[in-house]
Amino acid sequence: MSRVLIVGAGLTGSLCACLLRRELQSRVHIQVWDKARGSGGRMSTSRPPDSSSHSADLGAQYITATSAYAQSHHSFYSELLSSGVLQPLDSLVEGLKQKDGSKDYMTPLGMSSVVKHFLSQSEADLCFEHHVTGLYCRGTSWEVQRKAGGSEMFDVVVLTMPVPQILQLEGDVVQMLSVQQKQQLDGVVYSSRFAIALFFPPDVIFSFPWAARYVTNNHCIRYIAADSHKRNADTPGRGPSLVVHTSVPFGLEHLERDKEDVQPIILQELYKLLPDLPQPISIKCQKWRYSQVLTSVPDCPGQMTILDRPLLVCGGDAFSHSNFDGCVESALSVLSVLKASL
Ligand SMILES: Cc1cc2nc3c(=O)[nH]c(=O)nc-3n(C[C@H](O)[C@H](O)[C@H](O)COP(=O)(O)OP(=O)(O)OC[C@H]3O[C@@H](n4cnc5c(N)ncnc54)[C@H](O)[C@@H]3O)c2cc1C
């Protein structure tokens, strides 16, 4: 039985684990490691400190299927729709540009439920707070080191974290890259932004008609979502949640500042835009240093193989494009490499 490590419990990592299990069943032992305390990655859903308000999506907001991807990724969409993880997005999103033939979907339980769905199907061993710091090639295996100390051996390693975090790894990874691969990875560019989730008490009812709104002509705020409303999840006894994404220029300008220092600036702008907004009972701020991929790896088939034996392969939205379908493309591509190797 081959021991496979997937680094990253975001959408790409969860899809890789699930597809690999379905393909090779008991012939592989799959572990998924993530440095965070839970799954989701950039599809994270934040819970309030108590259950008096709804959860909020701090990263990805909804899934848009173009007509081409609705066909080529039909099995993924129908699986998520039939299990209730996805539902059509039918509430008002002001400023959302409708593309010909595309369909928008939301997640009643939050975006991380998409990732959790595929992870649960994978029957992989999930290890959170497992921060990978180095990879060393030892004969026919990879020795994978953790920040907390200690290391484990694997036959195959799949890296799905953002590219700059791959390039920060100690050990043999960077040295094994060809000159062309190094140039390709160095050329990947991400946008950066801040996100804030505000959780309100149960008696709060928002006065605005929209579920989400793209903001134009504001240097700080780009997007606001009444998150529970967007997900048709408003229920009595639970307060609504609101999500704010900053613009990319604002994110870049304040990137090196602590999020605690940036949060009041964003809130001040928010209350200028929505003066009637009541006070929340709690707030969570997130800095997305690696938000969406602006420049992906050029001419890339969804993955990059760094070494054939022992296999080391990289995947993720930087190797395709930065959304649900980009992650599916990448995971399918990683799967074909794994199948050929295992
Ligand atoms: C603000 C924002 C809005 C977005 N909006 C949308 C949207 O509306 N629709 C859409 O389809 N997409 C959207 N996206 C893009 C989408 O979220 C990403 O394309 C997708 O989530 C990427 O998944 P991934 O698995 O490739 O990477 P990630 O989700 O980044 O997963 C990588 C994982 O690796 C872990 N990790 C990193 N380094 C290490 C390490 N050294 N050791 C162990 N673990 C590590 C991280 O904790 C993370 O969980 C948005 C993204 C952001 C940030």
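Read on for an overview of the structure. What you are looking at is a predicted structure, and each value in this text was computed from that prediction instead of being measured.

What counts as what
- Residues numbered from 1 in each chain as written.
- Predicted model: local features only at pLDDT ≥ 70, side-chain atom pairs only at ≥ 80, totals over all residues.
- Heavy atoms only, no water.
- Helix = DSSP H or I, 4+ residues; strand = E, 2+ residues; numbered from the N terminus.
- Buried < 20%, exposed > 50% of the residue type's maximum accessible area, 1.4 Å probe, protein only.
- Contact = heavy atoms within 4.5 Å.
- Areas by Shrake-Rupley, 256 points an atom, 1.4 Å probe, with all protein chains shown as cover.
- Near = heavy atom within 4 Å.
- Polar contact = N/O pair within 3.5 Å; in protein donor to acceptor, adjacent residues only side chain to side chain.
- Nonpolar A, V, L, I, M, F, W, Y, C, P; charged D, E, K, R; others polar.
- Phe/Tyr/Trp six-rings, centres within 6.5 Å; stacked < 30°, edge-to-face > 60°.
- Lys NZ or Arg CZ within 6 Å of the ring centre and 35° of its normal.
- Pairing = 2+ DSSP bridges.
- Axes fitted to C-alpha atoms, helices over the stretch in contact; angles between N-to-C directions.
- Salt bridge = Lys/Arg side-chain N within 4 Å of Asp/Glu carboxyl O.
- Parallel < 35°, antiparallel > 145°, perpendicular 65-115°, else oblique.
- Core = buried A, V, L, I, M, F, W, Y, C linked by side-chain atoms within 4.5 Å.

1. Looking at the overall build of the protein chain
(1) Moving on: Helix and strand content of the protein chain: 11 helices and 23 strands.
(2) Moving on: Each principal axis of the C-alpha distribution contributes one length, and for the protein chain these read about 65 × 45 × 40 Å.
(3) Moving on: The burial tally for the protein chain puts 54% of its 342 residues in the buried class.
(4) Moving on: Contacts spanning at least 24 positions in sequence make up 73% of the contacts within the protein chain whose residues lie at least 6 apart.
(5) Moving on: Accessible area of the protein chain: about 15100 Å², with a carbon and sulfur share of 50%.

2. Considering the site of the ligand
(1) Moving on: For the ligand, the set of nearby residues contains 33 residues, the closest of which are Thr 12, Asp 34, Arg 42, Tyr 62 and Asp 317.
(2) Moving on: Within the backbone of Lys 35, a nitrogen or oxygen atom sits 3.1 Å from a nitrogen atom of the ligand.
(3) Moving on: The separation between an oxygen atom of the ligand and a polar main-chain atom of Gln 61 is 3.1 Å.
(4) Moving on: Considered on its own, the ligand offers 1000 Å² of accessible surface; in the complex 94% of this is hidden by protein.
(5) Moving on: Of all elements in the fold, only helix H1 (11-24) and helix H11 (324-341) reach the threshold of two or more residues within the shell around the ligand.
(6) Moving on: Along the lines of polarity and charge, the residues of the shell around the ligand split into 11 nonpolar, 17 polar and five charged.

3. A closer look at the packing of aromatic side chains
Aromatic ring pairs are reported here in terms of the distance separating the ring centres and the angle at which the planes meet.
(1) Moving on: Tallied over the entire structure, the rule returns 10 aromatic pairs.
(2) Moving on: Aromatic pair Tyr 77 and Tyr 105: ring centres 5.7 Å apart, planes at 35°, arrangement tilted. Linking Tyr 77 in helix H3 (residues 74-82) with Tyr 105 in strand E8 (residues 103-106), this pair joins segments that are 28 residues apart in sequence.
(3) Moving on: The class of Tyr 77 is buried, set by a relative accessible area of 3%.
(4) Moving on: Where Phe 200 meets Phe 206, the ring centres are 5.3 Å apart and the plane angle is 90°; that geometry is what we call edge-to-face. Residues Phe 200 and Phe 206 agree in their burial class; the two are buried.
(5) Moving on: Members of the aromatic cluster, joined through ring pairs, are Phe 200, Phe 206, Phe 208 and Trp 210.
(6) Moving on: Against the face of Phe 154 rests Arg 3, its NZ or CZ located 4.7 Å from the ring centre.

4. Some details on the sheet that holds E8
(1) Moving on: Pairing is antiparallel across the open sheet formed by three strands, whose spatial order is E5-E8-E6. Only two strands of the sheet have a single partner each, and these edge strands are strand E5 (63-65) and strand E6 (87-88).
(2) Moving on: Against the sheet, H3 engages E5, E6 and E8, with an angle of about 135° to E5.

5. So, the pattern of salt bridges
(1) Moving on: Using the criterion set out here, one finds 12 salt bridges in the structure.
(2) Moving on: Put simply, Glu 23 and Lys 339 hold a salt bridge, and the shortest N to O gap is 3.5 Å. Here the residue Glu 23 occupies a position in helix H1, and Lys 339 occupies one in helix H11, the gap between them amounting to 316 residues.
(3) Moving on: Judged by relative accessible area, which is 36%, Glu 23 ranks as partly exposed.
(4) Moving on: With a shortest N-O distance of 3.6 Å, Asp 57 and Arg 231 are connected by a salt bridge. Here Arg 231 lies in the loop between helix H8 (227-230) and strand E19 (241-246) and Asp 57 lies in strand E4 (residues 56-57), a separation of 174 residues in the sequence. Across the pair, Arg 231 and Asp 57 agree in class, each one buried.
(5) Moving on: Connected through salt bridges with shared partners, the residues Asp 57, Asp 227, Lys 230 and Arg 231 form a single ionic network.

6. Brief notes about the environment of Ser 192
(1) Moving on: Take Ser 192: it is sitting in the loop between strand E15 (189-190) and strand E16 (193-199).
(2) Moving on: Considering only alpha carbons, one finds Ser 192 and Trp 33, 159 residues apart in sequence, at a separation of 24 Å.
(3) Moving on: In contact with Ser 192, other than residues within four places in its own chain, are Ser 247, Val 248, Gly 251, Leu 252, Leu 255, Trp 288, Arg 289 and Ser 291.
(4) Moving on: Polar contacts involving the side chain of Ser 192 include one to the main-chain carbonyl oxygen of Arg 289, which spans 2.8 Å.

7. Re the packing of H3 against helix H4 (residues 112-122)
(1) Moving on: Where H3 meets H4, the axes come as close as 11 Å, and the angle between the chain directions of the two elements is 100°. The angle between H3 and H4 places the two elements in the roughly perpendicular class. In contact with Phe 76, Glu 79 and Leu 80 of H3, H4 contributes Val 114, His 117, Phe 118 and Gln 121.
(2) Moving on: Here the contact of H3 with H4 is composed, by residue class, of four nonpolar, two polar and one charged.

8. Topic: the environment of Trp 210
(1) Moving on: Note on placement: Trp 210 falls in the loop between E16 and strand E17 (212-214).
(2) Moving on: For Trp 210, the contacting residues outside a window of four places in its chain are Leu 92, Glu 94, Ile 224, Ala 226, His 229 and Leu 274.

9. So, the nonpolar core
(1) Moving on: Of all hydrophobic cores here, the largest spans 41 residues; its most connected members are Leu 11, Val 114 and Phe 324.
(2) Moving on: In contact with Phe 324, not counting residues within four places along its chain, are Leu 11, Met 43, Ile 63, Phe 76, Tyr 77, Leu 80 and Val 114.

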